[in-house]
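Secondary and tertiary structure notes
Chain by chain, the residues:
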Amino acid sequence: ATASWTPAWKPARTNPATRALSLDVWVPAGEAQPQDRVELYDIAGRHLASRSLTQTSGWQSIDLGTRLDLRAGVYFVRLALYGRRNRDIRVVIL
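A few points on the structure. As the structure is a prediction and not an experimental result, all values here were calculated from the model. (Residues numbered from 1 in each chain as written. Predicted model: local features only at pLDDT ≥ 70, side-chain atom pairs only at ≥ 80, totals over all residues. Heavy atoms only, no water.)

Side note on the sheet that holds strand E4 (residues 47–52)
- Ordered in space as E4-E3-E6-E7, the four strands form an open sheet in which the pairing is antiparallel. Since the sheet does not close on itself, it has two edges, and those belong to E4 and strand E7 (87–93), each with one partner. Averaged over all adjacent pairs, the angle separating strand axes in this sheet is 20 degrees, with direction ignored.
- Examined bridge by bridge, strand E3 (residues 37–42) and strand E6 (residues 73–80) share six bridges and lie antiparallel to one another. Bridge assignment links leucine 40 to a residue of E6, and that residue is valine 77. (Pairing = 2+ DSSP bridges. Helix = DSSP H or I, 4+ residues; strand = E, 2+ residues; numbered from the N terminus. Axes fitted to C-alpha atoms, helices over the stretch in contact; angles between N-to-C directions.)

Remarks on the environment of aspartate 24
- The topology assignment puts aspartate 24 in strand E2 (residues 22–27).
- With a relative accessible area of 11%, aspartate 24 lands in the buried category.
- Side-chain polar atoms of aspartate 24 contact the side chain of serine 61, separated by 2.7 Å. (Buried < 20%, exposed > 50% of the residue type's maximum accessible area, 1.4 Å probe, protein only. Polar contact = N/O pair within 3.5 Å; in protein donor to acceptor, adjacent residues only side chain to side chain.)

Thoughts on the environment of arginine 51
- Turning to its location among the elements, arginine 51 is positioned in strand E4.
- Its relative accessible area of 22% is what places arginine 51 among the partly exposed residues.
- Considered as a pair, arginine 51 and glutamate 39 are 12 residues apart in the sequence and their alpha carbons are 6.4 Å apart.
- Among all residues touching arginine 51, those that are not within four sequence positions of it are Arg37, Val38, Ile62, Asp63, Leu64 and Arg67.
- A polar contact of 3.0 Å, which involves the side chain of arginine 51, links it to the backbone oxygen of aspartate 63. (Contact = heavy atoms within 4.5 Å.)

Some words on the pairing of E4
- Examined bridge by bridge, E3 and E4 share five bridges and lie antiparallel to one another. Residue pairing for E4: leucine 40 is matched across the bridge by alanine 49.
- Counting the residues that bridge the hairpin from E3 to E4 gives four residues, and of these glycine 45 lies at a positive phi of roughly 90 degrees.

Comments concerning the nonpolar core
- Leu21, Val38, Leu40, Leu53, Ile62, Leu64 and Val77 are the most contacted members of the largest nonpolar core, which has 19 residues in total.
- Within the residue set of this core, elements represented by two or more residues are E2, E3, E6 and E7. (Core = buried A, V, L, I, M, F, W, Y, C linked by side-chain atoms within 4.5 Å.)

A short note on the pattern of salt bridges
- Taken as a whole and assessed by the stated rule, the structure comprises three salt bridges.
- One salt bridge connects aspartate 42 with arginine 46, and the closest N-O pair in it is separated by 2.6 Å.
- Under the relative-accessibility criterion, aspartate 42 is labelled buried at 9%.
- Take arginine 46: its relative accessible area is 54%, and that puts it in the exposed class. (Salt bridge = Lys/Arg side-chain N within 4 Å of Asp/Glu carboxyl O.)

Structure follows, in structure tokens:
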């Protein structure tokens with residue numbers, strides 16, 4: 001595996017969202033590691049949720065907020081790639 005690839009995000013299914021957050025992330029074949037995950041943070045940087053990637057490659061749907069009952073605000077979603085580049089996106093909950 002190399003550190004040169006760039007992960008891809010599809011726009012959150014609903015952004016702004018309302019109390020739940022689902023999004024899709026793409027990982028190239030052979031690049032995902034068991035430690036890779038998607039994390040949710042609030043605007044103050046507090047870690048709220050983490051989900052492991054469920055597949056080793058391709059598009060995968062990640063449900064981050066269904067059980068959290070998120071309040072209105074701005075949140076950050078991080079694709080945390082173990083030992084490699086992280087990728088962050090901003091999402092809004094109404």
